[in-house]
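The lines below spell out each chain.
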Amino acid sequence: MIEISQNQNLITELVAIKVINLIKRFGSLVAVNDVSFEINQGEIVGILGPNGAGKTTTIRLLTGVFQLENNAKIEIFGDDITHNPTKYKKNFGIVPEISNAFSDYSVWQNLMFSGGIYGISKDEIEKRSKKLLTQFNLIDKMYFKTKTLSKGLKQRLNLCLALLHDPPILILDEPTSGLDPISVNLMRNRILKLKEEGKTILITTHDMREAQNMCDRILIMNKGKIIADESPDTLREQFKSTSTILFKIDGVISSEQERILSKIVKLVKDKNGYYVFSSTNALRDISNLFQTSKENDIKISDLKIKETSLEEVFIHLIKDDLTSEEGMAK
Ligand SMILES: Nc1ncnc2c1ncn2[C@@H]1O[C@H](COP(=O)(O)OP(=O)(O)OP(=O)(O)O)[C@@H](O)[C@H]1O
Ligand SMILES: [Mg+2]
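So, a few notes on the structure that sits alongside this text. (Residues numbered from 1 in each chain as written. Chains lettered and ligands numbered in written order. Predicted model: local features only at pLDDT ≥ 70, side-chain atom pairs only at ≥ 80, totals over all residues. Heavy atoms only, no water.)

Considering the environment of G251
By the element assignment, G251 lies in the loop between β13 (243-249) and α8 (255-264). By relative accessible area, which is 60% here, G251 ends up exposed. For the pair G251 and I298, spaced 47 residues apart in sequence, the C-alpha separation works out to 8.9 Å. (Helix = DSSP H or I, 4+ residues; strand = E, 2+ residues; numbered from the N terminus. Buried < 20%, exposed > 50% of the residue type's maximum accessible area, 1.4 Å probe, protein only.)

Now the structure itself:
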């Protein structure tokens with residue numbers, strides 16, 4: 001796709017990954033349900049979703065672990081790889097959800113083995129491996145067995161293995177999951193550096209902050225479907241008019257009072273004893289809340305209004321998705 005920018009310079013925007021109509025069924029479960037998206041060269045895109053949303057299955061379909069069904073199609077840099085996913089494996093550096101490093105091999109042996117798979121010469125494997133181990137602060141551990149490495153060190157090795165054949169695209173399934181804050185930072189900085197070096201990166205995560213800080217675009221996935229595909233700022237902008245309202249009630253309220261209140265706001269209690277609800281018209285909802293409370297002898301002791309965070313946007317979207325499904329079931 002060629003676009004002309006405002007200053008009339010020609011900019012070429014290359015689509016690195018294009019997937020169309022991905023579907024994966026496990027028995028009666030549709031784990032990935034008609035998923036399509038595009039990732040431009042040089043972008044970091046995050047697939048964000050709760051456990052079981054279908055993130056890993058999407059990645060497994062994309063990287064040829066699972067066979068494609070129906071009319072699914074995958075293009076990498078414009079080449080259709082649908083019928084030959086292995087041919088283009090050189091394009092992907094993958095950090096899978098479950099590491100494929102051999103635990104009885106040393107760090108060095110794992111690198112040598114991986115390089116061999118890609119047909120890189122021994123000298124070149126050794127040169128690249130030393131460089132990667134130095135960049136990732138693993139050089140001291142090169143002769144340690146992989147099973148003796150901590151989780152954070154193991155994950156660094158996984159990224160080294162993914163980078164060994166210098167692929168243009170990196171696919172990282174929860175690369176920071178379970179790491180301590182220092183290792184998380186190190187990993188995120190390395191990933192951002194790789195973007196600066198021109199890599200295209202697809203990452204899955206549960207972590208809103210990670211998605212917000214690292215990604216150019218976020219695909220929100222729930223129950224096998226992509227339910228949003230936006231930049232972090234656009235996502236937040238859409239919900240700018242949404243506020244989160246928290247209030248506390250003095251004393252104990254009866255079930256009848258609770259029933260009356262829940263007619264005007266959906267009542268959920270947080271761990272600090274505040275009732276929480278989201279509103280697109282805070283003034284109207286708060287005034288209704290006070291009016292109804294007064295009429296029914298309910299004493300509101302505290303009330304706070306918060307701007308909606310990206311995390312809350314995520315919960316809204318997932319909840320809306322559930323609500324519309326419930327509506328359909330009726
Ligand atoms: N090999 C399999 N056999 C049967 N069901 C599977 C298999 N792999 C995944 N599933 C199911 O498909 C759904 C999607 O799973 P997937 O692993 O893709 O989710 P995820 O979004 O990666 O979740 P998590 O955040 O927990 O990693 C889940 O309901 C899961 O139980
Ligand atoms: Mg997963």
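Re the packing of aromatic side chains
Counted according to the given criterion, the structure contains six aromatic pairs. Considering the side-chain rings of F247 and F277, the 6.1 Å spacing of their centres and the 75° angle between planes classify their relative orientation as edge-to-face. Of the two residues, F247 is situated in strand β13 and F277 in strand β15 (residues 275-279); the sequence distance between them amounts to 30 residues. For the residue pair F247 and F277, the accessibility class agrees, reading buried in each case. Three or more aromatic residues link up through ring pairs in this structure, and these residues are F102, Y105 and F113. We note K24 situated over the ring of F66; from NZ or CZ to the ring centre the distance is 4.6 Å. (Phe/Tyr/Trp six-rings, centres within 6.5 Å; stacked < 30°, edge-to-face > 60°. Lys NZ or Arg CZ within 6 Å of the ring centre and 35° of its normal.)

Considering the nonpolar core
Counting 45 residues, the largest nonpolar core has L111, L157, L159, L172, I191 and I220 as its most contacted members. Not counting the four nearest positions on each side in its chain, I220 is found in contact with L48, K225, I226, I227, A228, L235, F314, L317 and I318. Counting residues in hydrophobic clusters, the runner-up holds 26 residues, among them L22, A53, I76 and L202. (Core = buried A, V, L, I, M, F, W, Y, C linked by side-chain atoms within 4.5 Å. Contact = heavy atoms within 4.5 Å.)

Some words on the site of ligand 1
In the region of ligand 1, 14 residues are neighbours, and G52, K55, T56, T57 and E97 sit closest. For ligand 1, an oxygen atom lies 2.9 Å from a polar atom in the backbone of G54. In the model, an oxygen atom of ligand 1 is placed 2.8 Å from a nitrogen or oxygen of the H206 side chain. Computed on the free molecule, ligand 1 has an accessible area of 630 Å², of which 65% lies beneath the protein chains in the complex. Counting only elements with at least two residues in the shell around ligand 1, the list comes to β4 (29-40) and α1 (55-62). (Near = heavy atom within 4 Å. Polar contact = N/O pair within 3.5 Å; in protein donor to acceptor, adjacent residues only side chain to side chain. Areas by Shrake-Rupley, 256 points an atom, 1.4 Å probe, with all protein chains shown as cover.)

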